[in-house]
Amino acid sequence: HRPTAELQALDAAHHLHPFTDGDALNRKGARIITRAKGVWLTDSDGHQILDGMAGLWCVNVGYGREELARVASEQMLQLPFYNTFFQTSHPPAIALAAKLAQLAPGDLDHVFFNGSGSDGNDTNIRMVRRYWQALGQPERSVIISRWNGYHGSTMGAASLGGMKGMHEQGGLPIPGIAHIDQPDWWSEGGEMSPEEFGLARARLLADKIEEIGPSKVAAFIAEPIQGAGGVIIPPETYWPEIQRICDAYGILLIADEVITGFGRTGNWFGSQTLGIRPDIMTTAKGLTSGYVPMGASIVSRKVAEVINGSDEFAHGYTYSGHPVAAAVALENLRILEEEHIITRVREVTGPYLKAAWEQLTEHPLVGEARITGMMGSIALTPHKASRAKFAAKAGTVGLICRERCFANNLVMRHVGDRMIISPPLVITEEEISLLMTRARLALDQTLDIVRA
Ligand code: PLP
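Residues numbered from 1 in each chain as written. Predicted model: local features only at pLDDT ≥ 70, side-chain atom pairs only at ≥ 80, totals over all residues.

Looking at an unreviewed UniProt entry, one finds the chain named Aminotransferase class III-fold pyridoxal phosphate-dependent enzyme and attributed to Paracoccus litorisediminis. Under Sequence similarities (unreviewed entry), UniProt gives the following word-for-word description of the chain: "Belongs to the class-III pyridoxal-phosphate-dependent aminotransferase family." Entered under Cofactor (unreviewed entry) in the UniProt record, the comment concerning the chain runs "pyridoxal 5'-phosphate". (UniProt positions renumbered as here; feature names shortened; annotations may be inferred.)

### Points about the overall build of the chain
Counting its regular elements, the chain contains 17 helices and 15 strands. Taken over the C-alpha trace, the chain has a radius of gyration of 22 Å; the compact-globule value for 452 residues is 22 Å, and the two agree within 12%. Taken over the C-alpha atoms alone, the chain extends approximately 65 × 60 × 45 Å along its principal axes. Among the 452 residues that make up the chain, the fraction classed as buried is 48%. Considering only contacts in the chain between residues 6 or more positions apart, those separated by 24 or more positions represent 71%. (Helix = DSSP H or I, 4+ residues; strand = E, 2+ residues; numbered from the N terminus. Rg over C-alpha atoms; globule rule 2.2 N^0.38 Å. Buried ≥ 20, exposed ≤ 12 C-beta atoms within 10 Å, placed from the backbone. Contact = placed C-beta atoms within 7 Å.)

### With respect to the packing of helix H16 (residues 396-407) against helix H17 (residues 429-451)
One can describe the packing of H16 onto H17 by two numbers: an axis separation of 8 Å at closest approach and a directional angle of 130°. Taken together, H16 and H17 sit at an angle that is classed as oblique. Here H16 and H17 pass one another in a crossing that is right-handed. For the pair H16 and H17, contact is made by Val397, Ile400, Cys401, Arg404 and Cys405 and by Arg438, Ala439, Ala442, Leu443, Gln445, Thr446, Ile449 and Val450, respectively. (Axes fitted to C-alpha atoms, helices over the stretch in contact; angles between N-to-C directions. Parallel < 35°, antiparallel > 145°, perpendicular 65-115°, else oblique. Left-handed = near helix turned anticlockwise from the far one by under 90°.)

### Focus on the site of the ligand
Lining the immediate environment of the ligand, one finds 15 residues, of which Ser116, Gly117, Ser118, Gly152 and Val258 sit closest. Ranked by residues supplied to the shell around the ligand, first place goes to helix H6 (residues 117-134) with 3 residues. Counted by class, the shell around the ligand contains 6 nonpolar, 7 polar and 2 charged residues. (Near = placed C-beta within 6 Å. Nonpolar A, V, L, I, M, F, W, Y, C, P; charged D, E, K, R; others polar.)

### Some remarks on unusual backbone geometry
Residue proline 173 is bonded to the preceding leucine 172 through a cis peptide linkage, with omega at 0°. Along the polypeptide, proline 173 turns up in the loop between helix H8 (164-167) and strand S6 (177-180). Positive phi, close to 65°, is recorded for asparagine 148, a residue that is not glycine. Structurally, asparagine 148 can be placed in the loop between strand S5 (142-146) and helix H7 (155-160). Taking the C-beta count within 10 Å as the criterion, asparagine 148 has 21 such neighbours and is therefore assigned buried. Backbone geometry places serine 289, a non-glycine residue, at a positive phi of 50°. In this fold, serine 289 is placed in the loop between strand S9 (280-283) and strand S10 (295-300).

### Points about helix H10 (residues 194-212)
Between its first and last C-alpha, H10 extends 28 Å over 19 residues, near the 27 Å set by a 1.5 Å rise per residue. When we look at burial in H10, the residues that qualify are Phe197, Gly198, Arg201, Ala202, Leu205 and Ile209. Mapping the buried residues of H10 onto a view down its axis gives an arc of 145°, with all of them on the same face. Along H10, the residues that are exposed and aim more than 90 degrees away from the buried face are Asp207, Glu210 and Glu211. In this fold, the buried residues of H10 make contact with S5, S6, helix H9 (185-188), strand S7 (217-222) and helix H11 (238-249). (Expected span 1.5 Å × (residues − 1). Arc of directions from axis to C-beta.)

### Observations regarding the confidence of the model for the chain
This prediction gives the chain a mean pLDDT of 97; 100% of its residues lie at or above 70. Model confidence for the complex is summarised by a pTM of 0.98, with the ipTM given as 0.99. (pLDDT = per-residue confidence, 0-100.)

If you want it as structure tokens, here you go:
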């Protein structure tokens, strides 16, 4: 490939990046990744970098799996494209829908295919509104979600999301979306115990339903564990109370499993780990381990019967059920299953990582360290006892730490002053030890910079 500087100049000249500060890009240039294998990235200067984020929380089976390339190539030669509109179907989409119905918990046994997590959540908004309309209750249209949740970047998904910065850019949210506060005990719990706080935050859902009017609320959507918001693992009291409230008011529950699906929490789905019974699950990312784009809304029989039992659901994407993506997804699920990758996360590598991760609270900069399966975060703080935040602009210390990680050939993400990991599920114990050594080094270096 071309020299790094040349690639960076071309990139800065012509490429508009998602979620990127253009000024920083111009000053420093993009990091250019050229190859990857297992949990290891190679950049354009030949550095070997440990990917503690599995790309964007998605490369669950690790990089460089030849089986996935082979099935994609075979499927392209056999049937590269056909749609699933207008009463047509094809074997890969059929097999994948049936497989997902088998893997999903409870009576989640129908699948609507999407192109990604964002457009999947748009599907879900339209589907739950369609559901209540078909049942003769069109006024039940409001969807409640959470501040600091992330559900994607389309107009619908970004409206569901509670990232205020996103809402400020371009007329969001769309009508009929309401938000409640998140269950982040470390940052917002004050004097309450985690258990009290979990209940209090769950009960905000009932308050919001009463405020809007129970006959107007269609659904509640949330990530089982908030990912992009900072890997916020809710107190144990939270989800049972949310489930009780959804049941009591008869509103649909949508679990956004785009990150938590396909093994990340040590079970096939985060809903299983956290004891949630959703009516719809949004999935994407780990469905194909990111090798090709695909998303799937996995829908309960109850909802599917209403959608199928009324006039045509006027919704769909050209690439819904794309045969190449479906073939790759099926092979990816086969690998996860036959190599017992999720069981290993639950029983071996997850507990190993958890033990090491939680020791990070011994570091002077680290307040809380939380982790479930292969998704974890640490809160950086100047004062642990008071759970204080850094006085400098929020996120500055996190950004410094992210830079120090990268300088030590480790990818960790920062969300404000929190550091996040979400490595490929195939990471080995040796690689976890290396990850921890590099993370600690980055924390030491960050501390030196903060103190200077
Ligand atoms: N939902 C959640 C929970 C996510 O984390 C993401 C992406 O990070 C999305 C939805 C959006 O998915 P996509 O980027 O595939 O559109």
